[in-house]
Amino acid sequence: MSLPTEKMAEIKQLIHNRLQQLDLIPAGQDSSWIPLAGDVLEAQLDLERSRRAEIERRFLLYAKHYWREFLQMRDEHKDRLVKIFAQDEKGVHRCVCSFVCPLKAGRLLDSPQHAARFVTALGLQRSQPVGGGVRAEIWSSLFAFLAVNQGECESHAVLLCSLLLGFGLDAYVCVGTKGRGTSHTWVVTLGAAPETVTFWEPTSGQRYIHQRVNPEDPPSVTQPMNKYPYKTIGSLFNHRSFYANCQPLDIVEVCSFDLSDESRWKAMSEEAIKSISGPSPDWIQCVPLCSNPVDWILSSNEIERELRGLITEHRQVSGQV
């Protein structure tokens with residue numbers, strides 16, 4: 001049964017009046033609330049942007065130096081997939097470590113396996129170039145990826161790594177190849193022992209146990225048969241670490257994942273990574289949220305009581321009681 005127009009108007013006005021009491025900034029005579037002038041705010045934003053640009057410039061110089069050192073180790077390093085920067089959905093080139101952010105799913109996802117299943121439910125879509133040519137590789141930020149509900153394999157791997165980090169696992173995004181040499185990204189989790197290595201495929205949710213094949217063993221030694229589709233690995237990273245594979249061979253089956261071994265993995269400075277993808281700089285102060293002066297429980301009860309009164313009055317007038 002629909003209410004008369006005048007009763008609907010009364011109910012809308014009641015709800016409107018109540019909502020007006022819910023201010024984002026509580027009204028009052030608190031002297032600590034001083035509005036900023038537009039020019040002051042713009043000047044502060046310009047200062048923060050210039051400082052951020054300086055941080056990015058310094059990191060770029062460091063990344064170039066890091067890459068030169070990596071190339072000097074072996075000539076074949078120039079052909080390995082060591083991904084330091086990637087382009088996001090806004091066309092901005094960012095350090096790949098800045099895409100990863102530990103996410104705690106709370107009660108939404110019960111286990112790492114549920115997290116892997118959740119990531120596979122998101123659509124897989126390759127970005128297409130405009131006018132043909134080489135495919136544009138876009139790494140979406142976490143929020144953009146979840147908003148559009150689809151993305152490239154790299155976005156799936158970043159999200160899965162972020163969720164696994166939230167569960168307390170030592171997770172990293174791997175950049176390498178699979179099959180016929182096509183580029184691919186997946187996730188690896190490392191256990192307490194260096195040989196405890198698990199691969200997570202972000203597009204299917206499958207897990208693979210990595211059993212290293214020792215190329216120095218004689219032919220008489222039985223080698224493990226790995227069933228994962230990954231062929232080579234060039235680098236791996238998370239929100240605070242970046243490692244380039246400097247082992248003689250980049251074939252996944254023969255790679256050791258002991259990241260503490262500097263002869264096998266060239267680490268990037270954690271301080272440099274923290275500067276570009278870590279917490280907000282010291283000069284950016286988070287504004288604390290003020291508590292709402294309105295008692296929401298009391299207000300909810302009052303709205304319900306007034307609505308009940310309006311409905312009862314309408315029923316009495318229309319002879320339904």
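Residues numbered from 1 in each chain as written. Predicted model: local features only at pLDDT ≥ 70, side-chain atom pairs only at ≥ 80, totals over all residues. Heavy atoms only, no water.

To continue, consider the overall build of the chain. Secondary structure summary: the chain contains seven helices and 11 strands in total. Evaluated residue by residue, the chain yields a buried proportion of 34% over its 321 residues. Within the chain, counting contacts between residues at least 6 apart in sequence, those at least 24 apart form 60% of the total. Summed over all atoms, the accessible surface of the chain reaches about 20,000 Å², with 55% contributed by carbon and sulfur. (Helix = DSSP H or I, 4+ residues; strand = E, 2+ residues; numbered from the N terminus. Buried < 20%, exposed > 50% of the residue type's maximum accessible area, 1.4 Å probe, protein only. Contact = heavy atoms within 4.5 Å. Areas by Shrake-Rupley, 256 points an atom, 1.4 Å probe, with all protein chains shown as cover.)

Using the criterion set out here, one finds nine salt bridges in the structure. In this structure, arginine 49 and glutamate 42 form a salt bridge, with 3.2 Å as the shortest nitrogen-oxygen distance. Its salt-bridge partner being aspartate 261, residue arginine 264 comes within 2.9 Å of it at the nearest N-O pair. On the basis of relative accessibility, which here comes to 25%, the residue arginine 264 falls in the partly exposed class. For aspartate 261, a relative accessible area of 23% gives the class partly exposed. A single network of salt bridges, built from pairs that share partners, joins Glu42, Asp46 and Arg49. (Salt bridge = Lys/Arg side-chain N within 4 Å of Asp/Glu carboxyl O.)

Bringing the confidence of the model for the chain into the picture now. The predicted model of the chain has a mean per-residue pLDDT of 83, with 83% of residues at 70 or higher. Confidence drops under a pLDDT of 50 for residues 280-287, and excluding neighbours within four residues, the segment shows four contacts in the predicted structure. (pLDDT = per-residue confidence, 0-100.)

Looking now at the packing of helix α2 (residues 38-73) against helix α6 (residues 270-277). The N-to-C vectors of α2 and α6 enclose an angle of 145°; their axes lie 9 Å apart at closest approach. The way α2 lies across α6 gives a crossing that is left-handed. Residues Arg52, Ile55, Glu56, Phe59 and Tyr62 of α2 lie in contact with α6, whose contacting residues are Ala272, Ile273, Ser275 and Ile276. Grouping the constituent residues of the contact of α2 with α6 by class yields six nonpolar, one polar and two charged. (Axes fitted to C-alpha atoms, helices over the stretch in contact; angles between N-to-C directions. Left-handed = near helix turned anticlockwise from the far one by under 90°. Nonpolar A, V, L, I, M, F, W, Y, C, P; charged D, E, K, R; others polar.)

The next thing to look at is the nonpolar core. Here is a general trend for soluble globular proteins: nonpolar side chains tend to be buried in one another's company. Within the largest apolar cluster, 43 residues are counted, with the highest numbers of intra-cluster contacts made by Val187, Phe237 and Phe242. Residue assignment for this core shows that the elements contributing at least two residues are α2, α3 (112-120), α4 (142-148), α5 (153-166), β5 (170-178), β10 (242-245) and α6. When residues in this core are grouped by element, the largest group, eight residues, is from α5. The next biggest cluster of nonpolar side chains, apart from the first, holds 18 residues, and it includes Val188, Ile233, Tyr243 and Phe257. (Core = buried A, V, L, I, M, F, W, Y, C linked by side-chain atoms within 4.5 Å.)

Before going further, it helps to spend a moment on the sheet that holds strand β6 (residues 182-190). Strand order in this open sheet of seven strands is β8-β7-β6-β5-β9-β10-β11, and the pairing throughout is antiparallel. Edge strands, defined here as strands with exactly one partner in the open sheet, are β8 (207-209) and β11 (265-267). When strand polarity is set aside, the average angle formed by the axes of neighbouring strands in this sheet is 35°. Pairing analysis gives three bridges linking β10 to β11, with the strands arranged antiparallel. Bridge pairing in β11 links alanine 244 to lysine 266. Relative to β6, α5 is tilted by about 5°, and along the sheet it contacts β5, β6 and β7 (197-200). (Pairing = 2+ DSSP bridges.)

Below, the discussion takes up the side chain of threonine 189. Tracing the backbone shows threonine 189 in strand β6. Taking relative accessible area as the criterion, threonine 189 reaches 8% and is therefore assigned buried. Of note is the side chain of threonine 189, whose polar atom sits 2.9 Å from the side chain of tryptophan 200. For threonine 189, the contacting residues outside a window of four places in its chain are Leu164, Leu169, Asp170, Ala171, Thr196, Val197, Thr198 and Trp200. (Polar contact = N/O pair within 3.5 Å; in protein donor to acceptor, adjacent residues only side chain to side chain.)

On to the pairing of strand β9 (residues 230-237). Among the eight residues of β9, seven are classified as buried, and the element is accordingly described as predominantly covered. Bridge count for β5 against β9 is six bridges, and the pairing is antiparallel. Within β9, the position partnered with glycine 176 by the bridge is isoleucine 233. Here β9 runs beside β10; their pairing, made up of three bridges, is antiparallel. Across the sheet, leucine 236 pairs through a bridge with tyrosine 243, a residue of β10. With antiparallel pairing between neighbouring strands as the criterion, β9 and β10 make up a hairpin whose turn holds four residues.

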